[in-house]
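Observations on chain architecture
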Amino acid sequence: MEENKIHDDLAAIRSVMERSSKFISLSGLSGVLAGIYALIGAAVAYIVVYNNAPPYLDNEFLGSGAVHARDYSFITFELFIVALVVLVASIVTGFILTKNKAKRKGQAIWGKVSQSLLFYMTVPLVSGGVLIFIFLLRGYYGIVAPASLIFYGLSLVSASNFTFTLVKYLGLCEIALGLVAACLPGYGLLFWAIGFGLLHIIYGSMMYLRYDR
Amino acid sequence: MKVPFEKLDKAFENRLRLQIMSVLMVNDRYDFNSLKELLETTDGNLASHLKGLEKEDYIVVHKAFLGRKPNTTYEATEKGKEAFRQHLDALEKLIKQQKIN
């Protein structure tokens, strides 16, 4: 058996093992862009919150978690729109870039692996989302930032078995950040900007440098 | 030093068989259509090599139905996994030897 055949065999084994068990087409660049969208969104949210409702939205008040929904439901709606725009823009960007990368890597974007990835990501994400929604209806605004970071982190950790290990570390960072945010009520927006903005940019650039090119 | 050619498994001489075994090393079960898509091969080619591996008792076949559609999945046996590991070891040794020469 000649040397080339052995090397080709090993390369084939490695490639098939990776492609069959891990979704290696996640785009790092889309992570960076999602982070930038999140930072812009956080800036807009900051302006909305602090320009429209100055007196009763100080840190202590927000943190007490006992404010009734009616008190500032109009800001809640605007913030909801901001969050929705950021979310949709991130998902669309992620989808397009990931599709391109999947094409380059020869991996199906809708296959066994991406289905598992989505499933394990969706379970914590949806349970967290519903929980947050319930608490929002009951007026506990303080739970939004820590809980969204923690559940997002959990969803990344649980999905990381099916993609790059880097995703697991990003998830652990998000969870830690969410727990810190829970200890420091009133700084929710700041922690959101760090968790969804800064961390995504850092992680996205690492992914880009390691795997995208 | 002697080349351990005899340790290379004849069953894995074919690239496609080697790839099928690689998939089943890291996935508990894999179905026929996903294998076909992943390895970019034809029905007939894949089926004949799966038969070959089955004859060696390296894989087992599970036949089931998803609604009305037949869904055939494959799983590596312990014997198959062991054979694959030994094949990899043999490849490794060959490479080391070639580096010395």
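These lines cover the structure that appears in this document, whether it is placed above or below.

Cut-off values and rules
Residues numbered from 1 in each chain as written. Chains lettered and ligands numbered in written order. Predicted model: local features only at pLDDT ≥ 70, side-chain atom pairs only at ≥ 80, totals over all residues. Heavy atoms only, no water. Helix = DSSP H or I, 4+ residues; strand = E, 2+ residues; numbered from the N terminus. Buried < 20%, exposed > 50% of the residue type's maximum accessible area, 1.4 Å probe, protein only. Contact = heavy atoms within 4.5 Å. Areas by Shrake-Rupley, 256 points an atom, 1.4 Å probe, with all protein chains shown as cover. Axes fitted to C-alpha atoms, helices over the stretch in contact; angles between N-to-C directions. Parallel < 35°, antiparallel > 145°, perpendicular 65-115°, else oblique. Left-handed = near helix turned anticlockwise from the far one by under 90°. Buried area = accessible area lost by both parts, 1.4 Å probe. Salt bridge = Lys/Arg side-chain N within 4 Å of Asp/Glu carboxyl O. Polar contact = N/O pair within 3.5 Å; in protein donor to acceptor, adjacent residues only side chain to side chain. Phe/Tyr/Trp six-rings, centres within 6.5 Å; stacked < 30°, edge-to-face > 60°. Pairing = 2+ DSSP bridges. Disulfide = S-S within 2.5 Å. Expected span 1.5 Å × (residues − 1). Arc of directions from axis to C-beta. Core = buried A, V, L, I, M, F, W, Y, C linked by side-chain atoms within 4.5 Å. Nonpolar A, V, L, I, M, F, W, Y, C, P; charged D, E, K, R; others polar.

1. Here's the deal with the overall build of chain A
What chain A contains, in helices and strands, is eight helices and zero strands. Listing every helix and strand of chain A by position from the N terminus yields α-α-α-α-α-α-α-α. For chain A, with 213 residues in total, the buried portion stands at 39%. Pairs at least 24 residues apart make up 77% of the contacts formed inside chain A by residues separated by at least 6 positions. Summing over all exposed atoms, chain A offers an accessible surface of approximately 11500 Å²; the carbon and sulfur share of this is 71%.

2. Things to note about the packing of helix α2 (residues 32-39) of chain B against helix α3 (residues 43-55) of chain B
Residues and elements named next belong to chain B. The interhelical angle for the contact between α2 and α3, taken along N-to-C directions, is 115°, at an axis separation of 10 Å. Relative to α3, the element α2 is oriented roughly perpendicular. As for how α2 packs across α3, the hand of that crossing is right-handed. Contacts between α2 and α3 involve Phe32, Leu35, Lys36 and Leu39 on the former and, on the latter, Asp43, Leu46, Ala47 and Leu50.

3. A short note on the interface of chain B and chain A
Taken together, the contact between chain B and chain A spans 24 residues of the former and 19 residues of the latter. Taken over both partners, the interface formed by chain B and chain A buries close to 1900 Å², and the fraction arising from carbon and sulfur atoms is 66%. It is B:Arg15, B:Leu38 and B:Gln98 that lose the most area in chain B upon contact with chain A, and together they represent 25% of the buried surface on that side. Taken together, the links from chain B to chain A amount to one salt bridge. Between A:Asp9 and B:Arg15 there is a salt bridge whose closest N-O contact spans 2.8 Å. Linking chain B with chain A are six residue pairs in polar contact (both at pLDDT 80 or more). Counting residues per element, the ones that place at least two in the side of chain B that touches chain A are α1 (15-26), β1 (30-31), α2 and α4 (78-100) of chain B.

4. Looking at the packing of aromatic side chains
Residue and element names in this part refer to chain B. According to the stated counting rule, one finds eight aromatic pairs over all chains in the structure shown. Their ring planes at 35° and their centres at 5.6 Å tell us that Phe12 and Tyr58 sit as a pair that is tilted. Of the two residues, Phe12 sits in the segment before α1 while Tyr58 sits in the loop between α3 and β2 (59-66), which places them 46 residues apart along the sequence. In this structure Phe12 comes out as buried when scored by relative accessible area, which is 1%. Look at Tyr58 and you get buried, because its relative accessible area is 7%.

5. Let's talk about the sheet that holds strand β3 (residues 69-76) of chain B
Residues and elements named next belong to chain B. Pairing is antiparallel across the open sheet formed by three strands, whose spatial order is β1-β3-β2. A strand with exactly one partner marks an edge of an open sheet, and here the two such strands are β1 and β2. Sheet topology note: the β2/β3 ladder contains eight bridges and is antiparallel. Bridge pairing in β3 links Ala64 to Asn71. Strands β1, β2 and β3 of the sheet are contacted by α1, whose axis makes an angle of about 85° with β3.

6. Quick notes on the state of the cysteines
Enumeration according to the criterion identifies zero disulfides over all chains in this entry. The thiol of A:Cys173 is not disulfide-bonded; the next cysteine sulfur, from A:Cys183, is found 17 Å away.

7. Overview of α3(B)
All names here are of chain B. The end-to-end C-alpha distance of α3, which contains 13 residues, comes to 18 Å, matching closely the 18 Å that a straight helix rising 1.5 Å per residue would cover. All of the buried residues in α3 are Leu46, His49, Leu50, Gly52 and Leu53. End-on, the buried residues of α3 take up no more than an arc of 155°, which puts them together on one face. Of the exposed residues in α3, the ones pointing more than 90 degrees away from its buried face are Lys51 and Lys55.

8. Comments concerning the side chain of B:Thr77
All names here are of chain B. Position of Thr77 among the secondary structure elements: in the loop between β3 and α4. Residue Thr77 is classed as buried on the basis of its relative accessible area of 17%. Polar contacts involving the side chain of Thr77 include one to the main-chain amide nitrogen of Gly80, which spans 3.0 Å. For Thr77, the contacting residues outside a window of four places in its chain are Asp57, Tyr58, Ile59 and Val60.

9. Side note on the nonpolar core
Judged by nonpolar contacts, the single largest core of 28 residues is most densely connected at B:Phe12, B:Ile20, B:Leu35, B:Leu39 and B:Leu50. Elements supplying a minimum of two residues to this core: α1 (3-21) and α5 (112-137) of chain A together with α1, α2, α3, β3 and α4 of chain B. No other element matches the six residues that α1(B) contributes to this core. Those residues in contact with B:Ile20, other than ones at most four positions away along the chain, are B:Leu39, B:Leu46, B:His49, B:Leu50 and B:Leu53. Core analysis: the next-biggest nonpolar cluster, separate from the first, contains 17 residues, A:Leu170, A:Leu177, A:Ala181 and A:Phe191 among them.

10. Some thoughts on the packing of α5(A) against helix α6 (residues 144-159) of chain A
Residue and element names in this part refer to chain A. Viewed as axis vectors pointing N to C, α5 and α6 meet at an angle of 165°, and their least axial separation amounts to 7 Å. Here α5 is positioned roughly antiparallel relative to α6, judged by the angle of their axes. In the crossing of α5 with α6, the sense of the turn from one axis to the other is right-handed. Residues Leu117, Tyr120, Met121, Pro124, Leu125, Gly128, Leu131, Ile132 and Leu136 of α5 form the contact with α6, whose participating residues are Val144, Ala147, Ser148, Phe151, Tyr152, Leu154, Ser155, Leu156, Ser158 and Ala159. Here the contact of α5 with α6 is composed, by residue class, of 15 nonpolar, four polar and no charged.

Everything listed here is a matter of coordinates, which is why it stays silent on function.
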